[in-house]
Amino acid sequence: MHYGIDVGGTKTEIAIYDRDWVCLDRWRKPTPSDDGEAFLSMLTALVREADRRCDGRGTLGLGFPGVLDERGHLITANLSGLRPFVLKTALAAVLDRAFVIENDSRCFVVSEAGPGGAAEGASHAFGAILGTGAGGGAIVDGRLLRGGGRFAGEWGHLPLPAAAARDYGLPCPTCGCGLSGCLETYIAGPGLVRLHRHFGGASSSAEEWHVAWRTGEEAAQRARECHLDLLGGALANVVKLLSPQVIVMGGGLSTMDGLLTALPAAIAAHLFPGVETPGVVRSRFGNSSGVRGAAMLGADVSASAGNERI
Ligand SMILES: [Zn+2]
């Protein structure tokens with residue numbers, strides 16, 4: 001059996017998969033995000049309970065909304081209480097098996113490029129999650145791209161192009177990551193609201209923008225056009241760097257009316273003439289891809305002679 005754990009800011013989910021990646025069981029616990037000891041106990045209890053339900057000992061992969069620094073500290077805005085811990089050491093001391101820890105967006109692309117996923121069979125794929133933030137991960141030559149600093153794929157924190165700032169008169173807001181003018185501040189859900197207000201609208205949520213857009217309000221239309229242009233440019237940057245065969249979109253915003261059909265042309269507008277635009281497809285496993293990809297990475301680690309790769 002293979003276990004995947006997806007740690008969220010409020011809930012942590014564990015799922016059990018068989019060798020054909022059929023999900024046999026899954027359940028959730030609240031995440032004690034401000035108490036490191038309680039967090040470790042919760043993770044251990046989830047794994048022990050999975051062992052009990054399987055009557056065995058499964059492989060294990062954990063997906064987190066953040067990155068591990070070179071010492072194994074977890075860097076994440078949502079789990080402030082974990083910062084004192086060297087997470088990999090603390091976990092290794094209580095878990096009796098090899099395991100892998102990975103950023104949840106990268107788990108997403110592993111799942112979607114794996115068996116049954118929307119990018120199954122692609123040796124070069126990019127997974128882009130667009131919700132309250134913009135995260136991502138890449139498969140290059142059939143393997144997950146980690147990069148030397150372990151944060152490859154953070155496309156949302158590339159800067160807003162100067163030409164876009166000029167053409168639309170956009171300011172450069174401070175991003176949650178601490179930088180200014182990141183693309184995420186405009187292309188993620190809150191960014192749509194920001195754009196709507198910039199063009200004279202009055203929404204306070206992406207849902208409200210959506211209602212205004214459907215009624216044909218001019219500010220909402222302009223926000224949509226600008227958003228599509230910025231998003232196309234952001235993904236074109238990914239294409240220029242990695243040349244994926246397919247881009248898999250996930251997250252709440254990826255389900256927006258007509259977005260996936262409009263994206264290839266929006267991407268092509270920011271590429272060189274004659275360059276082939278990759279296919280843009282919706283994720284097959286949606287929110288489950290984080291836990292599923294984590295389980296797949298955990299299975300890989302166990303298969304490689306118990307070499308712990310975290
Ligand atoms: Zn940023």
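Calculation notes
- Residues numbered from 1 in each chain as written.
- Predicted model: local features only at pLDDT ≥ 70, side-chain atom pairs only at ≥ 80, totals over all residues.
- Heavy atoms only, no water.
- Buried < 20%, exposed > 50% of the residue type's maximum accessible area, 1.4 Å probe, protein only.
- Helix = DSSP H or I, 4+ residues; strand = E, 2+ residues; numbered from the N terminus.
- Pairing = 2+ DSSP bridges.
- Phe/Tyr/Trp six-rings, centres within 6.5 Å; stacked < 30°, edge-to-face > 60°.
- Lys NZ or Arg CZ within 6 Å of the ring centre and 35° of its normal.
- Donors = N, O, S within 2.8 Å, 3.2 Å for Na, K, Ca; no water.

The name given to the protein chain in an unreviewed UniProt entry is ROK family protein, with the source organism recorded as Salinicola corii.

For a regular strand, side chains alternate in direction, first toward one face of the sheet and then toward the other. The element strand E4 (residues 59–64) is largely enclosed, with a buried count of six among its six residues. Residues Thr-59, Gly-61 and Gly-63 line one face of E4 and the alternating positions Leu-60, Leu-62 and Phe-64 line the opposite face, and both faces are buried. Bridge analysis of strand E1 (residues 2–7) against E4 gives five bridges, and the strand direction is parallel. When the bridges of E4 are listed, Asp-6 appears paired with Gly-63. Two strands pair when backbone bridges link them, and E4 and strand E7 (residues 99–103) are joined in this way by five bridges, in the parallel orientation. Across the sheet, Gly-61 pairs through a bridge with Val-100, a residue of E7.

Turning our eyes to something else, we now look at the packing of aromatic side chains. Here the structure, examined in full by the defined rule, presents five aromatic pairs. Taken together, a centroid distance of 5.6 Å and an interplanar angle of 15° make the contact between Trp-209 and Trp-213 stacked. Here the residue Trp-209 and the residue Trp-213 both occupy positions in helix H7 (residues 206–214), the gap between them amounting to four residues, near one helical turn. Judged by its relative accessible area of 1%, Trp-209 is buried. Assessed through its relative accessible area of 18%, Trp-213 is described here as buried. Here the basic side chain of Arg-292 rests over the ring of Phe-285, its NZ or CZ set 3.7 Å away from the ring centre.

What follows deals with the coordination of the zinc ion. Looking at the metal site, the zinc ion is ligated by His-157 (ND1), Cys-175 (SG), Cys-177 (SG) and Cys-182 (SG), spaced 2.0 to 2.4 Å from it. Mapped onto the sequence, the residues coordinating the zinc ion show the spacing H-x17-C-x1-C-x4-C. Remark: Cys-182 occurs in the loop between helix H4 (162–168) and helix H5 (184–187) and His-157 occurs in the loop between strand E10 (143–144) and H4; sequence separation between them is 25 residues. Residue His-157 is classed as partly exposed on the basis of its relative accessible area of 24%.

Moving on: the pairing of strand E2 (residues 11–17). Of all seven residues in E2, six are buried, a share of seventy percent or more. Across six bridges, E1 lies against E2 in antiparallel orientation. Following the sheet pairing, Tyr-3 is matched in E2 by Ile-16. The antiparallel pairing of E1 with E2 creates a hairpin that spans three residues between the two strands. Here E2 runs beside strand E3 (residues 23–30); their pairing, made up of seven bridges, is antiparallel. When the sheet's bridge partners are listed, Ile-14 is paired in E3 with Trp-27.

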